[in-house]
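Fold and contact review
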Amino acid sequence: MPPKSSSGNEKDIAEEDEVLQAVILADSFNKRFKPLTVGKPRCLLPICNATLLDWTFESLALAGVQEIFVICRSYADQVKAAIRDSKWSKPSTGLKIVPIVTAKETFSPGDAMRDIYTHQIITSDFVLVTGDLVSNVRIDEVVRVHKERRRTNKDAIMTMVVKESGATHRTRSRGESGVYVLDPNTHECLHYEPVVGYPATSRVTMPREILAEHPEVEVRYDFIDCSIDVCSVEVPSLFQDNFDYGDIRRDFVYGVLTSDLLMKSVHCYVVKDGYAARVADTRSYDAVSKDILSRWTFPLVPDDNHPGGHQYEHLRGNKYIAKDNSVSLSRTCKIGNNTLIGSHTTISANASVHASVIGQRCTIGPGAILRDAYIFDDTHVGAGAVVEGSIVGARVTLGDGCRVPRGCLIADSVAIGANAKLRKFERVSKKREARPQAAGDGSDGDDEEDSDSELEEVEANQEDAAQIIGRDSNALVWPHPSPDDDEELDERESFYNQRLMRIGDTASDLELSDGGSTTSASETETESDFSGMHGLSRTSSATSASGPLSSAVDPSAETSAIHTLSSAAAETEFRSEVAQSLERAFAEGHSVDNAAVELKTLRMASNVPLRRVREAVVGAIVDRVPLVPGDAAAQRAEIAKIVRRWGPLVDKIGGVDPVETVEVLQYHCAAAGPRLPLFAQVLAQLYQQDLVEEEDIRAWHASPAARGEGVKPGSALLEGLKKCWAIGAKMIEQFESEEEEESEEESEEESADEKPAREAPAAKPPAKEDESESEEESDEESGSEESEDAPATAKPTAPKAAAVSSSSSQTSKPAQTESEDSETDEGSDEFVSGEEEVSAEAPAKPTTPAATVSSAPSAAPAKAAAESSDESEEDE
Amino acid sequence: MAPDPTPIPGHKAVETLVAKLRRRQIVGSRQAALETVLVLRQVVSKARFSNIQQLIVIIREAGRRLVEAQPKEHTVGNTVRRVLHNIREEYHSAVKVSAPTSSRNVYTISKFVLQGQPRKQTVGAPKSETTATLKEDDPDDPDSFARGIKPILMEAIQDVLDELETVYDNVSKTAKDHIHSDEIILTIGHSRTVEAFLKSAGHTRNYTVIVAETAPSYSGHDMARALSAAGISTFLVPDSSIYAIMSRVNKIILGAHAILANGGLVAITGSLLAATAARAHSTPVVVCAGQFKLTPLWNLYHDYGALDFADPSSVLGFEEGKLVERVDVVNPYYDYVGPELVDVFITNDGDHPPSSVYRLIKETYDDDDHEL
């Protein structure tokens, strides 16, 4: 019994006794917190008096993570020391924390992931978070969902945790967000489009096959990206393979979703209850602090489970005062709502503190005013000083009467003179003491050198600094960034976009409203707004027509037509390349896999649809067969040899579509006159190699393309197609009689009678109907709900049945139970009404354009059908 | 052994429970109490001590850690006090201190007045005494005392555990004496004790329960579901109509999170509303709770944070971005209901008026454990 509490705990966290691992990217890879992060990594900045790293650890511990790898780059020794000294490294926490110092050349999360890969530390699915996470989400639940999904779908490599919020929520980063296209049923992320706040994004494109493949899609622009990802083991290796992946969202997720070679999928987990957000910039620092103080992160609140281990007392109006009676509040000071005051802090007479966080051992002078201010430990605010909407580092001295207007960042140990007036968004850091020491620091590594050069630049521009920071100051004033000097930065880090991430910046003067607001409205409301959806899909199709966009795997004839038009030049080149490549492969006897890789690369390079590749491969195989006229057996042996050797290549080029394979084979044989006789034998051989199944041949045979529709009548091609089709019909006939030996014999007399072949298709459809009817009947017996599935299986084109159909089947259910006799008749009635009502309902869901077309006429018959079943009920 | 920072025996179990309590992975008064007993049993079984004082220091240390971790789960502290009380009692009977222990449980008001605080004497007295069977501070074999007394102590802890496990049955034993046929009972929240009580009455009586839905946790929904599944005629009403229907209600039955020494109680939010409405209609208010919820604290109503403010998401959705910025939302989980609003407490130790709760507390815990 005794060990129950601990082992039981572990069990419900990681089933199958797997250790749940987490990776924290403790480096931010950007400079948004400069100069606060001069001489200190960002993850050690305090928020609500506990370091960001502590909050992250607590979030992970809450989820039952047992092993944590902390990837640190800048100031790695500080991070390591902080971990060593924290309560987390004690054995009783049950956490194993391993700091990993990456190379100085690590400049992006992608580099860090590659580092993780080279360290080979990941053994199973793991949680990937950033070192600035504040969350109370049950990540173990996300992991469970992820693992469950992985059990059925090995390609679901990643689950992103997102939280719903409004598009303009304070905690949601406006400068850096994304549009998510989700399948609402499976929560698969179908497309991801990174969005920056400035310049305002007015449109988003998405591949249109998403709409073809998914009856319902959600386009969401209201998610907070929590930067919690549950990843499978292959994610780091994918980073390794794709050396240009930098950002996890913008490059990796976008890359995986748009690549049709990887065939991997990414899912979203929409957090319903729980809070998760990252402190990615100073603006979100402000927002997350406020969220913590107003208890959204419960139970991670200062008075309950403070990650720093401090004890706070919660007072009315969400004021938190350190519990150990060491805080000295003057009788006349005013403490406003949403305020946190650390231990040993003194607040003098007439000072007023609103919506602020004050660290430990601070002194706030008489009459000082703090509003939305974040003051770190050991800071002195002079008498009558005013601090608004700013972050003030540790050990700072603000002189009497000095003014810190909104948006200022004051680094550690700065002293600001009396009556100094800082400008808005001023950034101030401490002057370095002496050169030699700085040089010594610089030897620590690139990052320090980096900041050195930056500081030198800052030091060079100190002409008017004295008036700003007052006398007796040890501070350096950092130059205000200007919109001109960001050529080398990517759009996220551009000046205007950074303004959206800056504390205290309302950015009201930026041009964000015009085009941006209208689109963002249609983006967020697309679920209910069909026209908006339509607009989006139209733009996407427009782009796919104009440029070589990656809408590749679409068998329908029209899209391929578009492609032929658009990229004809690329295709001819591609064709010759493929021919050469295959020639080489055949000649030099490459393995199938190698040949497949080569083809994939070629396809990527010239950006052609999959069908072209298939055509090329099938064509090459057929052309490879040496013609042995007269000797049927020898011919058969040749074909078998070739197909056995190279047939598997057809399925390895990036997608398996046997129906298309047969079609391609048909067209190729029909076009190349002398090889027309080979069609039957190759098809038979493909069938024997299990590359093509019986159903596939049937499906091909039933398709209009197989019958040569759309081909100019009277041409030789059509003639060939018809012959092939007839052969196919014969083959199907033989499947039905199940006499395969004969089939090979007969197919040799390929030129022979077309008559029976033509009769076959006529005989076929009724047979199929019989089949589906018998299916319906059995479904009927097993229960009315089953009938929802019947249309989907019998006719693949029918839209998926939905709630309405079950309601309609319920209406006729009483009749069924009353009379067994009329059951079959009613059953078929019900089947029809069910299916048609589905399509009538479809326009409510704006995602199936095909369904909307058929909706209007079908509504009436549906009603009629329902009535007829009512009538039969009355008859009883 | 002074209370030094050397790890408590069973340290790991204590720390695990501390973490769980802090993270609110264990919620609910009975659950917390059960886990506490299990951990304390582990602590005692692993403890090394050569006299009873050392053991008590160890247990108090562990208890203090647990209580600090989550001061709002009062049952944790209560259970620690209870265990200490039982251990002392078993110890005294084991070393056969004759006079004071025999009259130990017989408490009357008159005796109380006469003796003042008898507990102090009884605890102090046996320290110097030793017996033949159990020798404390044996210099030859320091573990002999522990070996001898541990089985007895484990039994004492087992008693606490048994009591917790049977608490629902014992509370609802007398249910049919309190609920009569054709009565209309109002309740709020989903207290297991109240559920067991009502179900037990439902076996013999035919009555109606009105359940307030208890926003914003809506635990009333579960309660209504559970009761109607047991065949009791149940109505679910919004909290706002409690006052309106009060004139038809015969009795209010409340669950408690903690019963305070002054006879007040901490109960799920909405209880104060119901109790006040009941007062206006002179409807009796009955509180069902196990003895383990008796808490030797009385000043909690000064303590704003004691009401346990949960996250505001159940009141105002986080997605209401603009509103979240401008509105302060509070979501207290508990209400403090004063003793003047309660008529009777039904516990597994009999029925008591609020005015005698202090006495129950005196009987259940030792005075010197009030501050752990």
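Note on numbering: residues in each chain are counted from 1, in written sequence order. Lettering of chains starts at A and numbering of ligands starts at 1, both following the order in which they are written. Whole-chain, interface and lining totals are the exception, using all residues; otherwise, since this is a predicted model, local features are given only for residues with pLDDT of at least 70 and side-chain atom pairs are given and counted only at 80 or more. The basis for every side-chain value is the complete set of heavy atoms in the structure, and neither hydrogens nor water enter the calculation.

For clarity, the cut-off: UniProt positions are given in the numbering used here, feature names are shortened, and annotations may be inferred rather than shown by experiment.
If you check an unreviewed UniProt entry, chain B appears there as Translation initiation factor eIF2B subunit beta from Dichomitus squalens. In the Subcellular location (unreviewed entry) part of its UniProt record, chain B is described as follows: "Cytoplasm, Cytosol". According to its UniProt record, chain B has this under Sequence similarities (unreviewed entry): "Belongs to the eIF-2B alpha/beta/delta subunits family."

Per an unreviewed UniProt entry, the recorded name for chain A is Translation initiation factor eIF2B subunit epsilon, and the organism is Dichomitus squalens. Of the comments in the UniProt record for chain A, the one headed Sequence similarities (unreviewed entry) reads "Belongs to the eIF-2B gamma/epsilon subunits family." What UniProt states about chain A under its Subcellular location (unreviewed entry) heading is, verbatim, "Cytoplasm, Cytosol".

**Points about the overall build of chain A**
We apply this condition: In DSSP terms, a helix is any run of H or I states spanning at least four residues, a strand is any run of E spanning at least two, and both are numbered starting from the N terminus. Working definition: with a 1.4 Å probe on protein chains only, accessible area under 20% of the residue-type maximum means buried, over 50% means exposed, and in between means partly exposed. Two residues form a contact once any of their heavy atoms are found within 4.5 Å. In these tables, accessible area is a Shrake-Rupley quantity obtained with a 1.4 Å probe, and a residue counts as shielded only by the protein chains included in the view.
On a plain count of helices and strands, chain A comes out with 32 helices and 34 strands. Within chain A, the fraction of its 876 residues that count as buried is 53%. Within chain A, contacts between residues at least 6 apart in sequence are counted, and of these 61% link residues at least 24 apart. When the accessible surface of chain A is summed, it comes to about 37,800 Å², and 51% of that surface belongs to carbon and sulfur atoms.

**Here's the deal with the packing of helix 1 (residues 11-22) of chain B against helix 3 (residues 52-69) of chain B**
Residues and elements named next belong to chain B. Short version of the rule: A fitted line through C-alpha atoms serves as each axis, taken over the contacting stretch for helices, and the angle formed by two N-to-C directions is quoted from 0 to 180°. Oblique is the label for every angle not falling under 35 degrees (roughly parallel), over 145 degrees (roughly antiparallel), or within 65 to 115 degrees (roughly perpendicular). Throughout, a crossing is termed right-handed when the near helix is turned clockwise from the far one, and left-handed when it is turned anticlockwise from it by less than a right angle. When residues are grouped by polarity, Ala, Val, Leu, Ile, Met, Phe, Trp, Tyr, Cys and Pro land in nonpolar, Asp, Glu, Lys and Arg in charged, and all others, Gly among them, in polar.
Look at helix 1 against helix 3: their axes get within 8 Å of each other, and the N-to-C directions meet at 15°. Taken together, the axis directions place helix 1 and helix 3 in an arrangement best described as roughly parallel. Handedness of the crossing formed by helix 1 with helix 3: right-handed. Contacts between helix 1 and helix 3 involve Val14, Glu15, Leu17, Val18, Leu21 and Arg22 from the former and Ala62, Arg65, Leu66 and Ala69 from the latter. Looking at the contact of helix 1 with helix 3 residue by residue, the classes come out as 7 nonpolar, no polar and 3 charged.

**Details of the side chain of glutamine 291 of chain B**
Here glutamine 291 of chain B is to be found in the loop between strand 7 (285-288) and strand 8 (294-295). If we ignore the near neighbours within four places in the chain, the residues touching glutamine 291 of chain B are Arg82, Glu163, Asn348, Asp349, Thr364 and Tyr365 of chain B.

**Overview of the sheet that holds strand 18 (residues 334-335) of chain A**
By definition, the strands of a sheet pair up through backbone hydrogen bonds, in either a parallel or an antiparallel sense. Residue and element names in this part refer to chain A. Short version of the rule: In this description, strands pair whenever DSSP reports at least two bridges between them.
Strand order in the open sheet made by the 5 strands is 18-21-24-27-30, with parallel pairing throughout. The sheet terminates laterally at strand 18 and strand 30 (403-404), the two strands that pair on one side only. Relative to strand 24 (residues 369-371), strand 21 (residues 352-354) runs parallel, the two sharing 3 bridges. Its bridge partner lying in strand 24, valine 353 is registered against leucine 370.

**A look at the side chain of serine 219 of chain B**
Among the structural elements, serine 219 of chain B can be located in helix 12 (residues 219-229). Those residues within four positions of serine 219 of chain B in sequence are excluded, and the remaining contacts are Gly189, His190, Glu213, Thr214 and Ile268 of chain B.

**Re the packing of helix 2 (residues 29-46) of chain B against helix 8 (residues 144-165) of chain B**
All names here are of chain B. Running from amino to carboxyl end, helix 2 crosses helix 8 at an angle of 175°, the nearest separation of the two axes being 10 Å. The angle between helix 2 and helix 8 falls in the class roughly antiparallel. Counted together, Arg30, Ala33, Leu34, Val37, Leu38, Leu40, Arg41, Val44, Ser45 and Lys46 of helix 2 and Lys150, Leu153, Met154, Ile157, Gln158, Val160, Leu161, Leu164 and Glu165 of helix 8 form the full contact between these two elements. For the contact of helix 2 with helix 8, a count of residues per class yields 12 nonpolar, 2 polar and 5 charged.

**Some words on the sheet that holds strand 5 (residues 96-101) of chain A**
Residues and elements named next belong to chain A. Within the open sheet, the 10 strands sit side by side as 5-4-1-6-12-8-13-10-9-11. Their pairing is mixed. Each edge of the open sheet is held by one strand with a lone partner, namely strand 5 and strand 11 (218-220). Direction aside, neighbouring strands of the sheet carry axes that sit 30° apart on average. Direction of pairing for strand 8 (residues 156-164) relative to strand 12 (residues 223-231): antiparallel, over a ladder of 7 bridges. Paired with methionine 158 across the bridge in strand 12 is cysteine 231.

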